[in-house]
Amino acid sequence: IAGITQAPTSQILAAGRRMTLRCTQDMRHNAMYWYRQDLGLGLRLIHYSNTAGTTGKGEVPDGYSVSRANTDDFPLTLASAVPSQTSVYFCASSDDSRGYTFGSGTRLTVV
Amino acid sequence: QKEVEQDPGPLSVPEGAIVSLNCTYSNSAFQYFMWYRQYSRKGPELLMYTYSSGNKEDGRFTAQVDKSSKYISLFIRDSQPSDSATYLCAMSPTYNNNDMRFGAGTRLTVKP
């Protein structure tokens, strides 16, 4: 089934640890995005990539980094996790302006 | 003030009711408007997409955009328990989705 695969589904992480959230798509979409979703705040863009080899900062990029080595993969790295990064993280992709395809999310708790 | 305001609800209606969900926004540059549906512990899925002003209908769903009032709506006719979900509005000023802004979502429950 075409779509976006995110891993892990959920994770409890000690503060200060490094973690990479994985995202893979099989739709050959050029653009990919990472969002975090917090109660009352909605979805906020962390980083994006319009095409393989390029990345950009979104609304809340601090503490996160991304890479886009190829079309299909767009990992998100937390270099040193802090409790305020506790959230649900969604990866998304798009091939035009007609909205996103989202993954099922990663629930991250930083303790 | 947030760029996109959406009443979080929760909204509870009986099966068969007409549901009206709304968002207001402050950025007059928004041109592309979307509604997403998100079931519990799932990712959002695109429900409706509209460019500029006007109405769009898809089955039981109708999306309306009033750019003069900076107001968008989603109507659900003959609501079903399976419509119970959180509905997110989203909008972007450009064809490129990098500037997409989301509302916080309205939680809807349709009771049988």
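Residues numbered from 1 in each chain as written. Chains lettered and ligands numbered in written order. Predicted model: local features only at pLDDT ≥ 70, side-chain atom pairs only at ≥ 80, totals over all residues. Heavy atoms only, no water.

(A) Layout of the packing of aromatic side chains. Residues and elements named next belong to chain A. A full pass over the atoms with the stated rule returns 15 aromatic pairs over all chains. Taken together, a centroid distance of 5.7 Å and an interplanar angle of 55 degrees make the contact between Y35 and Y100 tilted. In this pair, Y35 is assigned in strand β4 (residues 31–38) and Y100 in the loop between β9 (87–94) and β10 (101–102), connecting sequence segments 65 residues apart. Across the pair, exposure class does not vary: Y35 and Y100 are buried alike. (Phe/Tyr/Trp six-rings, centres within 6.5 Å; stacked < 30°, edge-to-face > 60°. Helix = DSSP H or I, 4+ residues; strand = E, 2+ residues; numbered from the N terminus. Buried < 20%, exposed > 50% of the residue type's maximum accessible area, 1.4 Å probe, protein only.)

(B) Broad picture of the interface of chain B and chain A. Contacts between the two partners involve 21 residues from chain B, matched on the other side by 22 residues from chain A. Applying the counting criterion to the chain B and chain A interface returns 0 salt bridges. Here chain B and chain A share 2 residue pairs in polar contact (both at pLDDT 80 or more) between them. Those elements giving two or more residues to the side of chain B that touches chain A turn out to be β4 (32–38), β5 (45–51) and β10 (101–102) of chain B. If you tally residues by element for the side of chain B that touches chain A, the top one is β4(B), at 4 residues. For the side of chain B that touches chain A, the class distribution of residues is 11 nonpolar, 6 polar and 4 charged. (Contact = heavy atoms within 4.5 Å. Salt bridge = Lys/Arg side-chain N within 4 Å of Asp/Glu carboxyl O. Polar contact = N/O pair within 3.5 Å; in protein donor to acceptor, adjacent residues only side chain to side chain. Nonpolar A, V, L, I, M, F, W, Y, C, P; charged D, E, K, R; others polar.)

(C) Structural detail: the pattern of salt bridges. All names here are of chain A. With the rule as written, the count across this model stands at 7 salt bridges over all chains. We note a salt bridge from R28 to D72, for which the minimum N-O separation is 3.0 Å. With R28 in the loop between β3 (19–25) and β4 and D72 in the loop between β7 (64–66) and β8 (76–78), this residue pair connects regions lying 44 residues apart in the sequence. Residue R28 is classed as exposed on the basis of its relative accessible area, which comes to 56%.

(D) Representation of the pairing of β9(A). Residue and element names in this part refer to chain A. Buried residues dominate β9, accounting for 8 of its 8 residues. Covered by surrounding structure in β9 are S87, Y89, C91 and S93 together with V88, F90, A92 and S94, the residues of both alternating faces. With 7 bridges joining them, β4 and β9 adopt antiparallel strand pairing. Among the inter-strand pairings, M32 is bridged to a residue of β9, identified as S93. One ladder, built from 2 bridges, connects β9 with β10; its direction is antiparallel. In the strand pairing of β10, A92 is matched with F102. (Pairing = 2+ DSSP bridges.)

(E) A look at the state of the cysteines. Residues and elements named next belong to chain A. Taken as a whole and judged by the stated rule, the model has 2 disulfides over all chains. Each disulfide pairs two cysteine sulfurs, and for C23 the partner residue is C91, the sulfurs being separated by 1.9 Å. The S-S bond linking C23 to C91 shows a torsion near -70 degrees; that makes this disulfide left-handed. Taken together, the residues span a long stretch of sequence, with C23 in strand β3 and C91 in strand β9 at a distance of 68 residues. (Disulfide = S-S within 2.5 Å.)

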